[in-house]
Amino acid sequence: MKSKEEEYRELFLTEALENFEELNRLFVDLEKDHSNKKTVTNIFRIVHTLKGNAMGMGFDKIAELAHTVEDVFGAIKSGEIQLDVELVDSLFRANDKLGGLINAVTSGERVSFLGIKTKLAIYLKNAREENAGKSEEVEDNEPQKDEVAVEESDSSDVEEGDSGAGSNIQFADVVQIPVKKMDQLLNMVGELVIERDRLIALFGEEGKSTLEFERIKRISSNLHYGIMNVRMVQMGFLFNKFHRILRDAASTEKKDVELILKGTEVEIDRNILKIISDSMVHLVRNAVGHGIESAEERNDSGKPPKASVTLDAKLEKDSVVITISDDGKGINTEKIKEKIVRQKMVSQDVANSLSENEIIRYIFEPGFSSAEKVTEISGRGVGMDVVKRSVESIGGQVLVDTKLGLGTSIHLVLPSSLALKGALLFEINKQDFAIPLTYIDSVAYLKKGELHQVGDSLMVDYQDRSLPIIFLSSLLEIKNVAEIDQTEVGQQVLKDLDDNTELNVIVTTHSGRLLGLVVDRLQRQKEIIEKKLPKPLDTSKLLSGTTILGSGNVCPVLDVASIMDLLFQSANKTA
């Protein structure tokens, strides 16, 4: 198994070789038209990227030469120097040296590059002095004394006239495949798995030998997991991008903050990272803007002057939990309570009855902001609701831990893959349904007499806490989910049941809350491939998608997050 460093190096080499070949193409275009500003800008951008990537990997020679070329093109962009035939030739040689240095990462070959680096640096220096009226004659091929000594130390390198790259075609050991093609391939394999299960169910019922089907099952499963694995990337690829993001946010807020990374080796579906990346940017900026105190406040509270924001990733069962935490001032629930009452989100009586966790959930309501003043980073009243929607759109959930004066941690509980998820199958009115395992706390079997009425709701004592109960069959029959009646989904069905009736209850969890769903019959756990709902069903508040079972039947997948949010809002309105 490849180490993290080896994977990073392979990806660097793949991108660097692409940069090198693209630069060759752009230099050819530039040779034809020295005034092409778009080409100059593109070269500057690519060299800047190559420099940054090389510095991050510790490939100092590549970074040094790329930095010099970047300086030259910066001067060309600003009009300090003009392109001519001689400079273009030197830039071609510099790019050849870059290619040689990139290939040397794998081959170990020593490549001389200080001569062309010095030549470009002196050319730039002289051009700037000429523009300032200080003409100075220096031979292009005559390196300075201290640079000659360095060049001689590389006497075993490739000769200066041999580019080490320009006359050879190089191939990386990594093949890049468009994500769209990978998704199409994964969808096809998903269809294969569905057909496999259908055939096994069909012929298994007829008592035929299943040996052949077991082999097909094993091969198709290996193929499926193999393709899924190709889409997996390490969290480090996302986490490492936040050094600059945090630095800029801290600079804007004039705060001293360091970034701490943990769990960078944890793997997750690339498509999930793509979906949540913007949310994480907001959470990190939010931690700096909202969470971290000013230097004076930290000093008064006895905290070290340098604050910290930590990004951590952990595997938990079938989920990846990403935590964004800070050692700032924490969330003041009393201020949130005051604001939700002032904005008439809830009445004062309801606010007083809410737990701290329930109060904190209001920071995810659209338009809510607890910032006392608007800055570039915080207090704009947008963002956290988008974070919640983004995470829940892929079957995840957001949890918040906070301690006043000590800091806040926001946990993003995400599926490790979008392609395959564990689910519990159950039955309502002879129709199969599924709930992703990420939303299931446990399964319970209760008697009718154990349920009791609290207001318009049904409750049961469950593991030392009150658990709200609804009959899922009643919820699914409601025509307008925006006007849920707690009595309809709770008490109505219960009245018609015998006292000894045993109820099958799925205890679901979301955002720190629990909800018991009464179903007709529990079936089994199964790995499913969830498909999005087709139009116009995609507007449903109760379903997140569908899957196809081995029987060939369509099985709706419940959207637990939406159901619990609707019931929570309904309960607060009627309280």
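Residues numbered from 1 in each chain as written. Predicted model: local features only at pLDDT ≥ 70, side-chain atom pairs only at ≥ 80, totals over all residues. Heavy atoms only, no water.

> In this structure, what is going on with the sheet that holds strand 2 (residues 257–262)? I would like to understand it.
Picture the strands of a sheet paired through backbone hydrogen bonds; they go either parallel or antiparallel. The strand order 2-4-5-7-6 describes an open sheet built from 5 strands, whose pairing is mixed. Across the chains shown, the open sheet's two edge strands, defined by having one partner strand only, are strand 2 and strand 6 (397–403). Put simply, the sheet's adjacent strands are angled 15 degrees from each other on average, direction ignored. By the bridge criterion, 6 bridges tie strand 2 to strand 4 (residues 307–316) in an arrangement that is parallel. Within strand 4, the position partnered with L261 by the bridge is L311. The strands that helix 10 (residues 242–253) touches are strand 2 and strand 4; relative to strand 2, the one it contacts most, it runs at about 155 degrees. The sheet contacts of helix 16 (residues 384–392) involve strand 6 and strand 7 (407–415), and relative to strand 7 the element is tilted by about 30 degrees. (Pairing = 2+ DSSP bridges. Helix = DSSP H or I, 4+ residues; strand = E, 2+ residues; numbered from the N terminus. Axes fitted to C-alpha atoms, helices over the stretch in contact; angles between N-to-C directions. Contact = heavy atoms within 4.5 Å.)

> I tried to follow the nonpolar core on my own but got confused; where do I start?
What tends to happen in soluble globular proteins is that the nonpolar side chains get buried as a cluster. In terms of nonpolar packing, the biggest core is built from 49 residues, with M235, M280, I322, I324, L412 and L414 touching the most fellow members. No other element matches helix 11 (residues 270–291), which puts 8 residues into this core. I322 has contacts with M235, F239, I276, M280, D312, A313, I410, H411, L412 and L414, leaving out every residue within four places of it along the chain. Ranked by size, the runner-up nonpolar core spans 45 residues in total, among them F20, I43, V72 and L91. (Core = buried A, V, L, I, M, F, W, Y, C linked by side-chain atoms within 4.5 Å. Buried < 20%, exposed > 50% of the residue type's maximum accessible area, 1.4 Å probe, protein only.)

> What is the right way to read the pattern of salt bridges from this model?
Tallying each qualifying case throughout the model produces 20 salt bridges. Where D29 meets R25, a salt bridge forms, and the shortest distance between an N and an O atom there is 3.2 Å. Taken together, the residues span about one helical turn, with D29 and R25 both in helix 1 (residues 4–32) at a distance of 4 residues. Judged by its relative accessible area of 26%, D29 falls in the partly exposed class. One salt bridge in this structure joins R298 and E293, with 2.9 Å as the shortest N-O distance. Linked through salt bridges whose partners overlap, the residues forming this network are E293, R298, K303 and D327. (Salt bridge = Lys/Arg side-chain N within 4 Å of Asp/Glu carboxyl O.)

> What should I look at first to understand the packing of helix 3 (residues 60–78) against helix 5 (residues 114–131) in this one?
Two quantities define a packed helix pair, namely the angle between the axes and the distance from one axis to the other. Contact geometry for helix 3 and helix 5: axes closest at 10 Å, N-to-C directions at 25 degrees. Judged on the interaxial angle alone, helix 5 and helix 3 are roughly parallel. Taken as a pair, helix 3 and helix 5 cross one another with a handedness that is left-handed. Every residue of helix 5 that contacts helix 3 at E64, L65, T68, V69, D71, V72 and A75 is listed here: L114, I116, K117, L120, A121, L124 and R128. When the residues that make up the contact of helix 3 with helix 5 are grouped by side-chain class, the tally is 9 nonpolar, 1 polar and 4 charged. (Parallel < 35°, antiparallel > 145°, perpendicular 65-115°, else oblique. Left-handed = near helix turned anticlockwise from the far one by under 90°. Nonpolar A, V, L, I, M, F, W, Y, C, P; charged D, E, K, R; others polar.)

> Help me out: how do you make sense of the confidence of the model for the chain in this one?
Caution applies to low-pLDDT parts of the model: their predicted coordinates are not meant to be read in detail. Residues of the chain with pLDDT of at least 70 account for 84%, and the chain-wide mean is 81. Predicted confidence is poor over residues 134–167, with pLDDT under 50, and the contacts of this stretch with residues over four places away or in other chains come to 50 contacts. Within the model, pLDDT remains below 50 along residues 374–382, and this stretch shows 24 contacts once partners closer than five positions in the same chain are excluded. (pLDDT = per-residue confidence, 0-100.)

> I tried to follow the side chain of Q397 on my own but got confused; where do I start?
Checked against the element boundaries, Q397 lands in strand 6. Q397 gets classed as buried once you look at its relative accessible area, which sits at 6%. Only 3.4 Å separates the side chain of Q397 from the backbone oxygen of T438, close enough to count as a polar contact. Here Q397 is in contact with V391, H411, L412, V413, T438, Y439, T509, H510 and S511, once residues within four sequence places are set aside. (Polar contact = N/O pair within 3.5 Å; in protein donor to acceptor, adjacent residues only side chain to side chain.)

> Where do I start with the pairing of strand 9 (residues 431–436) in this structure?
Note on strand geometry: in a regular strand, side chains alternate between the two faces of the sheet. Burial runs high along strand 9: 5 of the 6 residues are buried. Across 6 bridges, strand 8 (residues 421–428) lies against strand 9 in antiparallel orientation. Residue pairing across strands places L425 opposite A434, the latter belonging to strand 9.

> Would you explain the packing of aromatic side chains in this entry?
Describing an aromatic ring pair means giving the distance of the ring centres and the angle of the ring planes. Counted under the stated rule, the structure contains 4 aromatic pairs. With a centroid separation of 5.7 Å and 55 degrees between ring planes, the pair formed by F27 and F92 is classed as tilted. Pair noted here: F27 is in helix 1 and F92 is in helix 4 (residues 85–107), with a separation of 65 residues, a long-range link. The class of F92 is buried, set by a relative accessible area of 17%. A ring pair is formed by F426 and F433, whose centres lie 5.9 Å apart and whose planes are at 15 degrees; its orientation type is stacked. Assessed through its relative accessible area of 0%, F426 is described here as buried. The class for F433 is buried, based on a relative accessible area of 8%. The residue whose ring lies beneath K77 is F44, and the NZ or CZ to ring-centre distance is 4.5 Å. (Phe/Tyr/Trp six-rings, centres within 6.5 Å; stacked < 30°, edge-to-face > 60°. Lys NZ or Arg CZ within 6 Å of the ring centre and 35° of its normal.)

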